[in-house]
Amino acid sequence: MAEGKQYYIGIDVGGTSVKLGLFDEAGDLLGKASVPTPSLACEEGYAAVVGGIEQLMGAVRQPMLFVRGIGLAVPCPVPASGAITLAANIEIDAPALKEALMGRCPNAAIRYVNDANAAAMGEVWRGSAQGHRSMVMVTIGTGLGGGVVVNGDVIDGAFGAGGEIGHLCVNPDEERICGCGLRGCLEQYASASGVVSNYKRLCEERGVDPVELVGPSDSRSVFSAAREGDETALAAVDVTMDYLARGLQIVSAVVDPEVYVLGGGASASSDVFLETLREKYAERALKVSRNTIIEVAELGNDAGIFGAAYVALRAAAREV
């Protein structure tokens, strides 16, 4: 292993861009880079990712040999084995990409991690869950993602489904089919899309015209209307938080975390719903879990690179 200062790379593979972050052992972000998301199943794609790392290390004038860990957050299940078998939203040859990274960073521990799990680890390392050994990240976006951390380790699961709280069944009578193929999933009601769906249903029931919406997941417009006192929008928020509280109560009965951290685009409107969620959760939870902290994430869009780097750092420490 190379002597000298050690560096860690966090890579967040998104639908449109691959974000890279360079970190030191203390978790300080030293630099960021971004490249349009290429196919990660060909030499050109591997070269683009390696080139991003070279750019970051060049900026701090350090050799690639000092890269001690590389974590890759990917939008697909990553089981405990690390072998990715399902990647519906990206093109990736995980073993070949790992080999390409090892070719330029031979001293690096390289790990894949689900993107929601990476965000959870990022919040534990340098975000709003610092100092906690157990937490659950709830990512409220177009869907509803989750990341579960217990005793400092993310729960990936035998098949990569650890933390998929968006697919808890909270309404067995639901007739609509969720994107996962099941019915009555939490994300059908408590995601950004769920907010809009709840709102449009209530508008129809009440015979009122909805506010102008930009697409099926435009929760921002619904939250804005609620902020201005729109009764139907407020009712939609109430329904959404009722379902989310129901989901968190189920999670607490299994995991009993110290803190819930809310992330994703909809968390930017937490001023509209956070207190309601806390109240509804306290009403539903087991008595011993009623005071579980519910906070908003601090790292924003950087949570993935922080968490991926942290997973790599922990893996490197275990290899010593």
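To be clear, the structure that these remarks concern was listed above.
Residues numbered from 1 in each chain as written. Predicted model: local features only at pLDDT ≥ 70, side-chain atom pairs only at ≥ 80, totals over all residues. Heavy atoms only, no water.

A. Fine view of the pairing of strand β4 (residues 67-74). By the criterion of burial, β4 is predominantly enclosed, with 8 of the 8 residues buried. The pairing of strand β1 (residues 7-13) with β4 spans 6 bridges and is classified as parallel. When the bridges of β4 are listed, Ile11 appears paired with Leu72. As paired elements, β4 and strand β5 (residues 109-114) share 6 bridges and run parallel to each other. Its bridge partner being in β5, Ala73 is matched across the sheet by Val113. (Buried < 20%, exposed > 50% of the residue type's maximum accessible area, 1.4 Å probe, protein only. Helix = DSSP H or I, 4+ residues; strand = E, 2+ residues; numbered from the N terminus. Pairing = 2+ DSSP bridges.)

B. A look at the sheet that holds strand β7 (residues 144-150). Spatially, β8-β7-β6-β9-β10 is the arrangement adopted by the 5 strands of the open sheet, whose pairing is mixed. Both outer strands of the open sheet, β8 (153-154) and β10 (293-296), are each paired with one neighbouring strand and no more. Sheet topology places β7 next to β8; 2 bridges connect them, and they run antiparallel. Each bridged residue has a counterpart across the sheet, and for Val150 the counterpart in β8 is Asp153.

C. Representation of unusual backbone geometry. Here Arg61, not a glycine, exhibits a phi torsion of approximately 55°, which is positive. As for its position among the elements, Arg61 is in the loop between α1 (43-59) and β4.

D. Region of interest: the packing of aromatic side chains. According to the stated counting rule, one finds 7 aromatic pairs in the structure shown. An angle of 65° between the planes, with centres 4.7 Å apart, marks the rings of Phe23 and Phe306 as edge-to-face. With Phe23 in strand β2 (residues 17-23) and Phe306 in helix α9 (residues 303-319), this residue pair connects regions lying 283 residues apart in the sequence. Per residue, the accessibility class of Phe23 equals that of Phe306, and both read buried. (Phe/Tyr/Trp six-rings, centres within 6.5 Å; stacked < 30°, edge-to-face > 60°.)

E. Examining the nonpolar core more closely. Counting 39 residues, the largest nonpolar core has Val138, Leu244, Leu248, Tyr260, Leu277 and Ile294 as its most contacted members. Take this core: its biggest share by element is 10 residues, from helix α7 (residues 231-254). Setting aside chain neighbours within four positions, we find Ile294 in contact with Leu248, Tyr260, Leu262, Leu274, Leu277, Arg278 and Tyr281. Counting 33 residues, the second largest nonpolar core, distinct from the first, contains Tyr7, Met64, Leu97 and Leu101. (Core = buried A, V, L, I, M, F, W, Y, C linked by side-chain atoms within 4.5 Å. Contact = heavy atoms within 4.5 Å.)

F. Region of the structure containing the packing of helix α6 (residues 219-227) against α7. Between α6 and α7, the shortest axis-to-axis distance is 7 Å and the interhelical angle comes to 115°. α6 and α7 meet at a crossing whose hand is left-handed. Contacts between α6 and α7 pair Val222, Phe223, Ala225 and Ala226 from the former with Ala233, Leu234 and Val237 from the latter. Its residues assigned to classes, the contact of α6 with α7 comprises 7 nonpolar, no polar and no charged. (Axes fitted to C-alpha atoms, helices over the stretch in contact; angles between N-to-C directions. Left-handed = near helix turned anticlockwise from the far one by under 90°. Nonpolar A, V, L, I, M, F, W, Y, C, P; charged D, E, K, R; others polar.)

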